[in-house]
Amino acid sequence: MKTLSYQVPSSETVILENDELETTFIKGPLKGHPKTLIIIPAYNEEKNIGAVLEAIQQKVPEIPILVINDGSADNTESVARSHGANVISLPYNSGYGVALQTGFIFATRKNFAIVIQMDSDGQHDPKNVKDLIDEVQKDDVDVVIGSRFLESGSYKSSFARRAGIFIFGKIASIFCGQKVTDPTSGFQALKGKAIHFAASDHYPPDYPDADFIILMHRYGLKVKEIPVTMHASPEKESMHHGHKTIYYVFKMFLSIFVTVLRNVSKR
Amino acid sequence: MPPKIQIISILICIFLVAYVFELVRRKHLNEEYSMGWLITGTSMLALSVSEGLLRWVSELVGATLFTSTLFFFGLLFLMIICLHFSIRISALTNQVRKLTQSIGILDLENKTLERQIRQPPWQSDSSNVEQL
């Protein structure tokens, strides 16, 4: 397995919309999987990352996990490594989007066909990983976003946060011409072209959010939402808290505005 | 214009231009960044030295006081320089971001290869580390 690891199917085998290929494709539970990678950006998550990795390996043991340690000051790197994950350590803290994009760049270099992005704080339930993979493998889908609002789950958060998600979801819905309920969700699955797009310079490097969903739609990628379970993250500062909230709202409006003004050629 | 402010202005401008030249000579300042400062310095020097030029420019922008013309252009040049810096900082930030990502990826690839070289191929550990 490991010595042949660089010759596993390239991304083309999956994104080709060709019936012949589809029939020869072995759809077994383990080996039939197109080359899939789970990427998890982590910053100072030594307390949570171990449990998160264990839960993922219990549900989908065949999928390799890549943790991008975003310059953590604690033992995130060694905890992740001891739980059997691959770790990319950025030399200093560069922010969520940069860490996440590192994962996408790595995935393009290693020809992964499907990339699942998850958060490191245990917010996302690994039981949904399979749903995301199944959904993203469908022909007319490039990106699947796990939404916490499509299902009447137990997700609790502050009013301001929900209001922000709601407003930017509405804006994204208008520009995409389809319903977007959870643009801030960090639980997504990307396939083929979408991975390359996320690894490119188009990617907004601070927080990919509603603006990136609009951008992907304008680029011609098909975005779809499916319901997922999200748990309120324990004792964790959300990245949209405090003084960053104002910057976040400002950045998102500006980013959406210029995204709409920009010319992005459809594929 | 009062002669006192004129002399002070001329001295400041001469000092600025000379200092920028010196910084470039010592390679403490790149030629690219010296441009803005040299243009600012010489233009302000020209405005401070030539009363006629200052009067003409003041009438052009509608300033009633000659000193406010000097301040106006000083501020304008500084704004242009600051904007130029913001653009350059953005470019540098993007470059640093790409470097950071490459270093992280190269480091993982390097470690994976090292492990593969040290480990005979018939041995494999149970973790999914080697799957990449």
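Draft legend 1. Summary view of the overall build of chain A. When its secondary structure is counted, chain A shows ten helices and seven strands. For chain A, the proportion of its 267 residues judged to be buried stands at 45%. At a minimum sequence separation of 6, the contacts of chain A that also span at least 24 residues come to 76%.

Draft legend 2. The nonpolar core, seen in detail. Ranked by internal contacts, the top residues of the largest apolar core, which has 68 residues, are Ile38(A), Ile65(A), Leu66(A), Val67(A), Val115(A), Ile195(A) and Met216(A). Take this core: its biggest share by element is eight residues, from helix α5 (residues 96–109) of chain A. Contact partners of Ile38(A), with chain neighbours within four places excluded, come to Ile56(A), Ile63(A), Ile65(A), Leu66(A), Ile116(A) and Met118(A). Formed by five residues, the second largest nonpolar core is a distinct cluster that contains Cys13(B), Leu47(B), Leu54(B) and Leu70(B).

Draft legend 3. Summary view of the sheet that holds strand β5 (residues 143–147) of chain A. Residue and element names in this part refer to chain A. Spatially, β3-β2-β1-β4-β6-β5-β7 is the arrangement adopted by the seven strands of the open sheet, whose pairing is mixed. In the strand order of this sheet, the two ends are held by β3 (86–90) and β7 (223–227), each with one partner. Across the sheet, the axes of successive neighbouring strands diverge by a mean angle of 20°, strand direction being ignored. Across the sheet, α5 touches β1 (36–42), β2 (65–70), β3 and β4 (114–117), and the angle it forms with β1 is around 160°.

Draft legend 4. How the structure looks around the pairing of β4(A). All names here are of chain A. Going residue by residue along β4, you find Ile-114 and Ile-116 tucked away on one face and Val-115 and Gln-117 tucked away on the opposite face as well. In terms of strand pairing, β1 meets β4 through four bridges, oriented parallel. Following the sheet pairing, Ile-39 is matched in β4 by Gln-117.

Draft legend 5. Focus on the environment of Ser9(B). Residues and elements named next belong to chain B. Topologically, Ser-9 is positioned in helix α1 (residues 3–25). Residue Ser-9 is classed as partly exposed on the basis of its C-beta count, with 19 C-beta atoms lying within 10 Å. When the C-alpha positions of Ser-9 and Met-44 are compared, they lie 8.0 Å apart, and in sequence the two are 35 residues distant. In this view, Ser-9 contacts Ser-48 and Leu-70; residues no more than four positions away in its chain are not counted.

Draft legend 6. Looking closely at unusual backbone geometry. All names here are of chain A. Even without glycine at this site, Asn-44 takes up a positive phi of about 50°. Along the polypeptide, Asn-44 turns up in the loop between β1 and α3 (49–59). A positive phi is found at Asn-111, a non-glycine position, where the angle reads about 55°. On the secondary structure map, Asn-111 appears in the loop between α5 and β4. Asn-111 gets classed as partly exposed once you count the C-beta atoms within 10 Å, which come to 16.

The rules behind the values
- Residues numbered from 1 in each chain as written.
- Chains lettered and ligands numbered in written order.
- Predicted model: local features only at pLDDT ≥ 70, side-chain atom pairs only at ≥ 80, totals over all residues.
- Helix = DSSP H or I, 4+ residues; strand = E, 2+ residues; numbered from the N terminus.
- Buried ≥ 20, exposed ≤ 12 C-beta atoms within 10 Å, placed from the backbone.
- Contact = placed C-beta atoms within 7 Å.
- Core = buried A, V, L, I, M, F, W, Y, C linked by C-beta atoms within 7 Å.
- Pairing = 2+ DSSP bridges.
- Axes fitted to C-alpha atoms, helices over the stretch in contact; angles between N-to-C directions.

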